[in-house]
Amino acid sequence: MSSRAAELDSPEPILNAAILSVMGRLKIRRACVLRRDGRTFTSVISKAVPPLTLPAFEIAEPSFAANVPGASQLESLGVPWLIPLKHRGELTAVMCLGPSLTNAEEDPEVRTYLELVRTILAIAVHNVETMASLRKTTVDLQRGTLLLKSLLEFARDFSGALDMERINRLLGLRLMGQLMTSAYVIVLPLDDQSITMVGSLGIDQRWKEVAQAILSLPAPAIISALPLNHPTRDVLDRAGVAMVSPMVLGNHVVGAIAVGPKLNVRPYAEEELQFLEAATGIVASAVENVRMQKQRAEMERLKNELEIASKIQNDLLPLVLPSTPGLDVAAYSRSSRDVGGDYYDVIQLDECRTLLAIADVSGKGVPAALLMANVQAALNILARLELPPTKIVSEINRLVVENTDPEVFITLFLAVINTSTGTIEYVNAGHNPPILLHGDEVTLLNVGGVLTGVIPDPPPYMMGVGGVAAGDVLVLYTDGVTETFNEEHTEFGITALVDIVRGGRNDSAADIRTAICERLREFRGSRPSDDDTSIVCVRVL
């Protein structure tokens, strides 16, 4: 028996050979072998005994069923003679023998024989199971090595993938080679709450529902292994999805990969799900690299755009103010960001007349800078045509309306000071009203009309007319001055600005400008500037 047991490589053949040997030697007509499975015994070998399962019972030495609590069913089945097989205190199996035709149960030699049999069988079964476990471990290690090799190649391929087209192509090749499937899809939720799907798994109908079902699975899953009442099982089955693995970066799910059935129609194994899970992690990193690459490219594009816009804006503002006989003029402009939306200009029309302009465009960046460049060019051309300020503003409104989107607009203030006649003519198109100080009297110049760029045919612009005399002060500004906030979120306001102008009524235009800027810095404190700031100060000489 021992030599026969050594030739076999699994427990059942060994136990079968042993039970046949014992039945032949002891003249026994029925027998079975029980093996433990948790809390039950199940017959693995049956000779003239029906297959059976019964609650597990405790037995340490050969005995009869009538003497073993819980074993009475064996006695009724005609196999009352119980021979436990134990190795190092662990129960391996129980041989259940029927009555011997020669009444050998009490024979001392038979008992010695059975003791030898149980020892040999217990060792043989233990050794076979140990070898099977070692073989399984070896196979698992080999599979693990192959899996690791495949994943290393997978990671190497994807390390240089910098666009979704290449990721899609590589994933298709790898899944075909490793999982024998040509059907797959990468599901990616986007920042705008929409979903994009890339791959070869054709989902024509209800694709949004399928995508949501794929993304809803919190862990890798073989769909056929999900419970029949699982909320996504039916949707994914009908869509031809066989396996799903979430794409996780950190603690956040950034997408998922779903694969269709194998080409050979065989079910997926657990190790194939493990491969998909590991591969999904690699793809997630590659997709994130693509996203970051696009982000870097976008940031570089924006940086270049801002540099261009900044240069355009700087070219718009006069580096040196022109000579303005009869007027002392000083200006200042500061952007809260790289590129602002403020613009001012000082144009000498002749020896007596000077045109002053200040504007604020609603947009930012290159489009706003280009719009302001067009406005500046138009203003310089229109100013030389001897047109009244109302006509100039109307033409600029038409230019802005025809060349921009409806949400783009410009607030604009335009004034012409004639020092020979002591007059000022102006139009305020939705801009902050400039401050005109005459002696101690303050006038806010707010006559005009709607801001430019909003209405193609606005109500006619009105022209404000007033007088100016030596010592008068005019201050043009954008909303970044009066709408500056301090650390307590209190607004600077026009009253504070008027007080500064009154306090500098005898100062030069440059001194008034400096006083305004210093007071704004003091008021703002450590709070960053929220808006662009532009100031044009004029003193009549």
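Here goes a summary of the coordinates provided. (Residues numbered from 1 in each chain as written. Predicted model: local features only at pLDDT ≥ 70, side-chain atom pairs only at ≥ 80, totals over all residues. Heavy atoms only, no water.)

Re helix α5 (residues 164-179)
Thinking step 1. For α5, spanning 16 residues, the distance from its first C-alpha to its last is 21 Å, which sits close to the expected 22 Å at 1.5 Å a residue.
Thinking step 2. When we look at burial in α5, the residues that qualify are Met 164, Ile 167, Asn 168, Leu 170, Leu 171, Gly 172, Leu 175 and Leu 179.
Thinking step 3. Positive backbone phi, at 55°, marks Met 180, one or two positions downstream of α5. (Helix = DSSP H or I, 4+ residues; strand = E, 2+ residues; numbered from the N terminus. Expected span 1.5 Å × (residues − 1). Buried < 20%, exposed > 50% of the residue type's maximum accessible area, 1.4 Å probe, protein only.)

Observations concerning unusual backbone geometry
Thinking step 1. Residue Ala 48 is not a glycine yet carries a positive backbone phi of 65°.
Thinking step 2. One can find Ala 48 in the loop between β2 (40-47) and β3 (53-55).
Thinking step 3. Look at Ala 48 and you get exposed, because its relative accessible area is 61%.
Thinking step 4. With a phi angle near 55°, Asn 103 is a residue other than glycine that sits in the positive phi range.
Thinking step 5. Inspection of the secondary structure assignment puts Asn 103 in the loop between β6 (90-97) and α4 (108-158).
Thinking step 6. Asn 103 sits in the exposed class, given a relative accessible area of 62%.

Quick notes on the sheet that holds strand β12 (residues 327-334)
Think of a sheet as strands paired side by side through backbone hydrogen bonds, with each pair either parallel or antiparallel.
Thinking step 1. As summarised here, the arrangement of the five strands in space is β12-β22-β21-β17-β18, forming an open sheet in which the pairing is antiparallel. In this open sheet, the two strands that pair with only one neighbour each are β12 and β18 (441-444). Each adjacent strand pair in this sheet contributes to an overall mean axis angle of 15°, direction not counted.
Thinking step 2. As judged from the five bridges shared by strand β21 (residues 473-477) and strand β22 (residues 533-540), these two strands associate in the antiparallel manner. Residue Val 473 lies in a different strand from β22, and its bridge partner there is Arg 539.
Thinking step 3. Here helix α12 (residues 493-503) sits on the sheet and contacts β17 (435-438), β18 and β21; the angle it forms with β17, its principal contact strand, is near 35°. (Pairing = 2+ DSSP bridges. Axes fitted to C-alpha atoms, helices over the stretch in contact; angles between N-to-C directions. Contact = heavy atoms within 4.5 Å.)

Comments concerning the environment of Met 372
Thinking step 1. Tracing the backbone through its elements, the reader meets Met 372 in helix α9 (residues 365-383).
Thinking step 2. Among the residues examined, Met 372 registers a relative accessible area of 3% and is labelled buried.
Thinking step 3. When the C-alpha atoms of Met 372 and Asp 342 are compared, they prove to be 8.6 Å apart, with 30 residues separating the residues in sequence.

Considering the environment of Ser 46
Thinking step 1. Relative to the assigned elements, Ser 46 resides in strand β2.
Thinking step 2. The exposure class of Ser 46 is partly exposed, given its relative accessible area of 30%.
Thinking step 3. In the structure, Ser 46 is positioned 13 residues away from Val 33 in sequence and 6.6 Å away in space, judged by C-alpha atoms.
Thinking step 4. Leaving out residues up to four positions away in the same chain, Ser 46 has contacts with Ala 31, Cys 32 and Pro 51.

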